[in-house]
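As a plain string of letters, each chain reads:
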Amino acid sequence: EATFKLGDFGLATQKQSGGGDVVEGDSRYMSRELLDDDDFTPASEKVDRDLTKCDVFSLGATAFELLKRAPLAPNGPAWHALRDGSPDFPATTPADLRDCVAALLHPNPVWRPTAQMALMLPQLQSEVQKMATALAVDEGVRVESEVVLDDGDERQLFAVRGAHRTNRERQG
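Note that the coordinates shown come from a computational prediction; the quantities given were computed from them, not determined experimentally. (Residues numbered from 1 in each chain as written. Predicted model: local features only at pLDDT ≥ 70, side-chain atom pairs only at ≥ 80, totals over all residues. Heavy atoms only, no water.)

A. Summary view of the overall build of the protein chain. Helix and strand counts for the protein chain stand at 7 helices and 4 strands. Of the regular secondary structure in the protein chain, the N- to C-terminal order runs β-β-α-α-α-α-α-α-β-β-α. A burial count over the protein chain gives 24% of its 172 residues as buried. Taking all contacts inside the protein chain whose residues are at least 6 apart in sequence as the whole, residues at least 24 apart take part in 51%. Carbon together with sulfur atoms contributes 53% to the accessible area of the protein chain, which is approximately 12,100 Å² in total. (Helix = DSSP H or I, 4+ residues; strand = E, 2+ residues; numbered from the N terminus. Buried < 20%, exposed > 50% of the residue type's maximum accessible area, 1.4 Å probe, protein only. Contact = heavy atoms within 4.5 Å. Areas by Shrake-Rupley, 256 points an atom, 1.4 Å probe, with all protein chains shown as cover.)

Next comes the structure, spelled out in structure tokens:
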């Protein structure tokens, strides 16, 4: 069984003879809001970027690349489709996995799940994590997380919820 590990090195420096160049990352995995150049935006109109939501997009882009079994487009229509919320998923992609990855790739960072919410999605959990969640539910621990998406005109609610029983309910 193969093991894959994903890392985020932020800004990296390439060491070359005579100095180093700062490398900012690969635009194939960057969200639109991270790539937007706001140097010309008036200070009164600037908003803080939630870089963790950019990381969630990058995770979604990586998952999409794995589903496609091909490198992400470096530019062009497919590059824009990924950032516009309309990537071309393979026909064989299960609906729940497609919805999960689409949530991670949502064009509006406000509607993208947080990293904590994403980790609660069953499609992103290992079998051990799923068993631990099930065991916690059996023990009466409340496990709940919601991811709300705005998919065009339709709002969708992704929820991970366990059957919640309190100690009093079990004893009664």
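What follows continues from the structure just given.
B. Main features of the packing of helix α2 (residues 51-68) against helix α4 (residues 95-104). Closest axis-to-axis distance for the α2/α4 pair is 7 Å, and the angle between their directions is 140 degrees. Crossing handedness for the pair α2 and α4: left-handed. Here α2 contributes V56, F57, L59, G60, A63, F64 and L67 to the contact with α4, which in turn contributes L97, V101 and L104. The class makeup of the residues in the contact of α2 with α4 is 9 nonpolar, 1 polar and no charged. (Axes fitted to C-alpha atoms, helices over the stretch in contact; angles between N-to-C directions. Left-handed = near helix turned anticlockwise from the far one by under 90°. Nonpolar A, V, L, I, M, F, W, Y, C, P; charged D, E, K, R; others polar.)

C. The pattern of salt bridges, seen in detail. According to the stated counting rule, one finds 5 salt bridges in the structure shown. Taking the shortest distance from any N to any O, the salt bridge between E33 and R112 comes out at 2.7 Å. Taken as a pair, E33 in helix α1 (residues 32-35) and R112 in the loop between α4 and α5 (115-120) lie far apart in primary sequence, 79 residues in all. An identical accessibility class is assigned to E33 and R112; each is buried. R98 is the salt-bridge partner of D99, the closest N and O atoms lying 3.8 Å from each other. Judged by relative accessible area, which is 26%, D99 ranks as partly exposed. For R98, a relative accessible area of 33% puts it in the partly exposed group. (Salt bridge = Lys/Arg side-chain N within 4 Å of Asp/Glu carboxyl O.)

D. Seen up close, the nonpolar core. In this structure, Y29, F57, A61, F64, L72, L82, F89, V101 and L105 together form the largest nonpolar core, which totals 9 residues. Setting aside chain neighbours within four positions, we find F89 in contact with F64, L67, R98, V101 and A102. (Core = buried A, V, L, I, M, F, W, Y, C linked by side-chain atoms within 4.5 Å.)

E. Layout of the environment of A73. Considering the arrangement of structural elements, one finds A73 in the loop between α2 and α3 (77-84). For A73, a relative accessible area of 26% corresponds to the partly exposed category. In the structure, A73 is positioned 44 residues away from Y29 in sequence and 9.7 Å away in space, judged by C-alpha atoms. Once you skip the residues sitting within four places of it in the chain, A73 turns out to touch R28, A78 and W79.

F. Inspection of the packing of aromatic side chains at higher detail. Within this structure, the stated rule accounts for 1 aromatic pair. Between F64 and F89, the ring centres sit 5.1 Å apart and the planes meet at 90 degrees, which makes this aromatic pair edge-to-face. Taken as a pair, F64 in helix α2 and F89 in the loop between α3 and α4 lie far apart in primary sequence, 25 residues in all. Across from the ring centre of W79, 4.0 Å away, lies the NZ or CZ of R83, which sits over that ring. (Phe/Tyr/Trp six-rings, centres within 6.5 Å; stacked < 30°, edge-to-face > 60°. Lys NZ or Arg CZ within 6 Å of the ring centre and 35° of its normal.)

G. Here's a closer look at the side chain of R112. According to the relative accessible area criterion, R112 is buried, its value standing at 2%. A distance of 2.8 Å separates the side chain of R112 from the backbone oxygen of H106, its partner in a polar contact. Setting aside its immediate chain neighbours within four residues, R112 contacts S31, E33, K53, C54, V56, F57, A103, L104, L105, H106 and P107. (Polar contact = N/O pair within 3.5 Å; in protein donor to acceptor, adjacent residues only side chain to side chain.)

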